[in-house]
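Observations on the three-dimensional arrangement
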Amino acid sequence: MVIKKKVVSLMTIVLLVGNFNFGQVKTFKSSEFASKTYDLSWLTWSPDKRYVSFQKSYEYSNDTLSLINVKHPDKIIFQSAGINPNFLHYSKKGHLFMRGAKTAQLLKLPSIKPVVWENITDAFYLEKEAKIAILQEEILRIYNQDAELIDEIHGVNAIKKNKEVLFFTSRKKNQYQLIKWTANLKTTINSSINKRMNIIGNEDPIFFIAERDSATRKDRVKYINLDTRKEVIFQPPSSYLLKNVVQVSKVGGNKFLMTYPITLPGDEKSTVDIWYANDHNLEKKFQNNVGIKNILWNLEKS
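A brief report on the enclosed structure follows. (Residues numbered from 1 in each chain as written. Predicted model: local features only at pLDDT ≥ 70, side-chain atom pairs only at ≥ 80, totals over all residues. Heavy atoms only, no water.)

Turning next to the overall build of the protein. Counting its regular elements, the protein contains 3 helices and 23 strands. In the protein, buried positions account for 42% of the 302 residues. For the protein, the exposed surface amounts to about 17,900 Å²; the carbon and sulfur share of it is 49%. (Helix = DSSP H or I, 4+ residues; strand = E, 2+ residues; numbered from the N terminus. Buried < 20%, exposed > 50% of the residue type's maximum accessible area, 1.4 Å probe, protein only. Areas by Shrake-Rupley, 256 points an atom, 1.4 Å probe, with all protein chains shown as cover.)

Encoded structure:
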């Protein structure tokens with residue numbers, strides 16, 4: 001089997017990055033990039049267009065982040081392995097926030113010495129608030145975009161980001177609370193004996209919360225209106241087992257469409273399939289018996 005690799009040259013980077021003319025290309029040196037066998041993905045510009053970051057893509061991974069200054073595109077000025085590109089953000093000041101599985105970092109550019117948070121449980125950059133949320137050992141710390149601590153909350157089990165708003169779960173006596181965080185106010189959205197609560201619909205002040213029952217491993221879906229304090233628990237038809245509700249969307253009036261995955265009957269084959277690790281359709285093969293089902297929920301009849 002022949003594995004095709006793309007050789008990355010300086011010209012490739014120039015073409016992908018843009019904002020250069022051909023006169024500039026002639027003066028660039030390619031010592032940093034010549035004869036390398038990685039591809040580029042997830043190119044992201046800083047707000048002032050002075051920096052561009054990208055992920056080095058190899059055969060099976062693309063978790064190595066690299067950063068260059070566009071005035072000196074022949075040199076990588078910062079590099080870090082284990083970075084998830086989905087969590088990469090430039091702040092309004094142009095600082096670069098990044099995170100991996102257990103570590104979060106902030107580059108206060110032009111400085112390339114990172115602020116590092118180790119052993120994180122979870123971490124987010126909040127675009128709307130221009131804040132950084134770090135959860136470590138059940139302590140939620142909120143930082144501004146200069147990594148200065150502005151809030152600290154103890155006893156936090158989990159944090160979630162929904163529509164660029166921070167939510168966290170904490171325990172109070174015998175119940176867990178799902179709380180919305182903003183710089184000026186903390187609002188309790190839901191209280192439950194169930195620890196796992198997911199926001200599957202958010203049209204503030206209306207929220208749909210899926211509580212995972214630890215015993216049955218099924219979701220209990222709750223409609224909550226923060227203005228009226230009305231709460232309605234969805235009662236599914238007995239034939240539906242809501243094991244993992246993924247979304248609730250409004251379809252008109254008080255009618256909502258609830259979406260969840262189901263397992264489809266698998267195809268019985270007389271021959272054995274051989275799956276290779278470099279098969280680009282491998283994910284589809286794993287999910288070929290997963291379908292989607294919808295339930296129409298009319299609140300007026302609940």
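Now for the pattern of salt bridges. Enumeration over the complete set of coordinates arrives at 11 salt bridges. The salt bridge partner of Glu 152 is Arg 141, with a shortest N-O separation of 3.1 Å. One end of the pair, Glu 152, is in strand 12 (residues 149-154); the other, Arg 141, is in strand 11 (residues 139-144), and 11 residues separate them in sequence. By relative accessible area, Glu 152 is classed as partly exposed at 37%. On the basis of relative accessibility, which here comes to 18%, the residue Arg 141 falls in the buried class. Note that Arg 220 and Glu 211 form a salt bridge whose closest N and O atoms lie 2.8 Å from each other. Of the residues examined, Arg 220 reaches a relative accessible area of 35% and is grouped as partly exposed. Overall, Glu 211 belongs to the buried group, its relative accessible area being 0%. One network of salt bridges, with partners in common, ties together Glu 211, Arg 220, Lys 222 and Glu 231. (Salt bridge = Lys/Arg side-chain N within 4 Å of Asp/Glu carboxyl O.)

What follows deals with the pairing of strand 16 (residues 186-192). As defined by bridge partners, strand 15 (residues 175-181) adjoins strand 16 across 6 bridges and the pair is classed as antiparallel. Its bridge partner being in strand 16, Trp 181 is matched across the sheet by Lys 186. Between strand 15 and strand 16, which pair antiparallel in sequence order, lie 4 residues. (Pairing = 2+ DSSP bridges.)

This part covers the sheet that holds strand 22 (residues 255-263). In any sheet, the strands associate via hydrogen bonds between backbone groups, in a parallel or an antiparallel arrangement. Reading across from one edge, 21-22-23 is the order of the 3 strands in this open sheet, with antiparallel pairing throughout. The sheet is open, and its two borders are formed by strand 21 (247-252) and strand 23 (290-298), each paired with just one other strand. In this sheet, adjacent strand axes meet at a mean angle of 30° when their direction is disregarded. By the bridge criterion, 9 bridges tie strand 22 to strand 23 in an arrangement that is antiparallel. Across the sheet, Tyr 260 pairs through a bridge with Lys 293, a residue of strand 23. (Axes fitted to C-alpha atoms, helices over the stretch in contact; angles between N-to-C directions.)

With that out of the way, let us pick up the environment of Arg 212. When you line up the elements, Arg 212 lands in strand 18 (residues 206-212). Note on Arg 212: relative accessible area 16%, which makes it buried. Along the primary structure Arg 212 and Asn 194 are separated by 18 residues, whereas in three dimensions their C-alpha atoms are 6.4 Å apart. In this structure the side chain of Arg 212 is engaged in a polar contact, spanning 2.7 Å, whose partner is the side chain of Asp 219. (Polar contact = N/O pair within 3.5 Å; in protein donor to acceptor, adjacent residues only side chain to side chain.)

Pairing is antiparallel in the open sheet, where 4 strands are placed in the order 9-10-11-12. Strands at the two margins of the open sheet, each flanked by one partner only, are strand 9 (122-126) and strand 12. Neighbour to neighbour, the strand axes of the sheet diverge by 15° on average, direction disregarded. With 5 bridges connecting them, strand 9 and strand 10 (residues 131-136) associate as antiparallel partners. The residue bridging Phe 124 from the neighbouring strand is Ala 133, located in strand 10.

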